[in-house]
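# Topology and contacts: notes
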Amino acid sequence: MKALTLGVVTLLLFSGVESKSKTSIFLNFQTVNRITSELEAKTGVRLRFIIDKNIKLSKAYMETTAGTILENDILIILDEHNKRIYKFQGKNTLNLLSKDFFSFVLENELLGVTPGTSGEKVESAAVILANNISTTRGVSLLSLKNAYIKPVDSIFYRLTNVGPFKLIVKAFYSNMFLFLSLFPVLTWFLFVKVPELLLGEEAGEKGRKFHKGFLFGIFCVIITRVGTDFNRLVGAVAATLVIFMPLVAIAAAIFKEELKSFTVNLFGWED
């Protein structure tokens, strides 16, 4: 048992993830360790993640935890308990990641609304950063060949982290089924029923048209975000729907009136 523990500790010391928190599971970081090891071998850049809790950042803490020679390091320290991130770039790595991109990836993947375990979040951040660094250095990483790299620079993905859209996405991830049940009803009441009661039927009719466009836009934003966060699941569902599309079309045709009546009654809309 001692030999196994020593082996795991040794692996972590020479890997991209150093877990100081007992809540983290070592096996979650195998993919990250492969990526960071290859990245260091081909570029000389050490991409490191330190996971700890209740961190009191100081010179002594940095020397004990991260070491003193950090010229080729890109270091991310995640305080799991206080939900804070500390980042550091050595003098030889300052030009590899822009401050905006670096901060966005860490805030979004490690502390944002992105679902998943700590291991999955660290892996996603590591994949994005390693891909960006290797591209800048002009090398390719075999460990990224089958990895999914989120399109965080996409304007549509960035949109899901702006203003009200960010709050809506966060509400969706908090409870998907409750959100899908209540959000259309609440917005219909605000955009259609309230104007109709206060200003008359004409205002309600205009609100109804606006509500349709509003829901379409919001669901496009959510689908964009879900498609990146659950890409494998979305792909499997899409493939299943394609396979069973004839049955879905037949069922929709047969139960057209029942589905319409159910939807109207569920959301309280007027038939």
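These remarks concern the structure in this document. (Residues numbered from 1 in each chain as written. Predicted model: local features only at pLDDT ≥ 70, side-chain atom pairs only at ≥ 80, totals over all residues. Heavy atoms only, no water.)

### Some details on the packing of aromatic side chains
Within the structure shown, the criterion is met by 7 aromatic pairs. On the numbers, 5.6 Å between centres and 90° between planes, the contact of Phe172 with Phe179 is edge-to-face. Accessibility assignment for this pair places Phe172 and Phe179 in one class, buried. Taken together, the ring pairs connect Phe172, Tyr173, Phe179, Phe183, Phe191, Phe210 and Phe214 into an aromatic cluster. Arg158 extends its terminal NZ or CZ atom over the ring of Phe104, reaching a point 3.8 Å from the ring centre. (Phe/Tyr/Trp six-rings, centres within 6.5 Å; stacked < 30°, edge-to-face > 60°. Buried < 20%, exposed > 50% of the residue type's maximum accessible area, 1.4 Å probe, protein only. Lys NZ or Arg CZ within 6 Å of the ring centre and 35° of its normal.)

### Regarding a nonpolar patch on the surface
On the surface, Leu241, Ile243, Phe244, Met245, Leu247, Val248, Ile250, Ile254, Phe255 and Leu259 cluster together into a nonpolar patch covering about 990 Å² of accessible area. Contributing elements (two or more residues each) for the nonpolar patch: helix H10 (231-243) and helix H11 (245-254). The greatest single-element share of the nonpolar patch, amounting to 5 residues, is contributed by H11. (Patch = residues over 30% accessible without salt bridge, like charges linked within 9 Å, V, L, I, M, F, W, Y side chains within 5 Å. Areas by Shrake-Rupley, 256 points an atom, 1.4 Å probe, with all protein chains shown as cover. Salt bridge = Lys/Arg side-chain N within 4 Å of Asp/Glu carboxyl O. Helix = DSSP H or I, 4+ residues; strand = E, 2+ residues; numbered from the N terminus.)

### Description of the packing of helix H7 (residues 163-174) against helix H9 (residues 201-229)
Two numbers describe how H7 lies on H9: the axes approach to 10 Å, and their chain directions differ by 60°. When the axes of H7 and H9 are compared, the pair comes out oblique. Handedness of the H7/H9 crossing: right-handed. Only Ile218, Val221, Ile222, Arg225, Val226 and Asp229 of H9 make contact with H7, whose side of the interface consists of Phe165, Ile168, Val169, Phe172 and Tyr173. (Axes fitted to C-alpha atoms, helices over the stretch in contact; angles between N-to-C directions. Parallel < 35°, antiparallel > 145°, perpendicular 65-115°, else oblique. Left-handed = near helix turned anticlockwise from the far one by under 90°. Contact = heavy atoms within 4.5 Å.)

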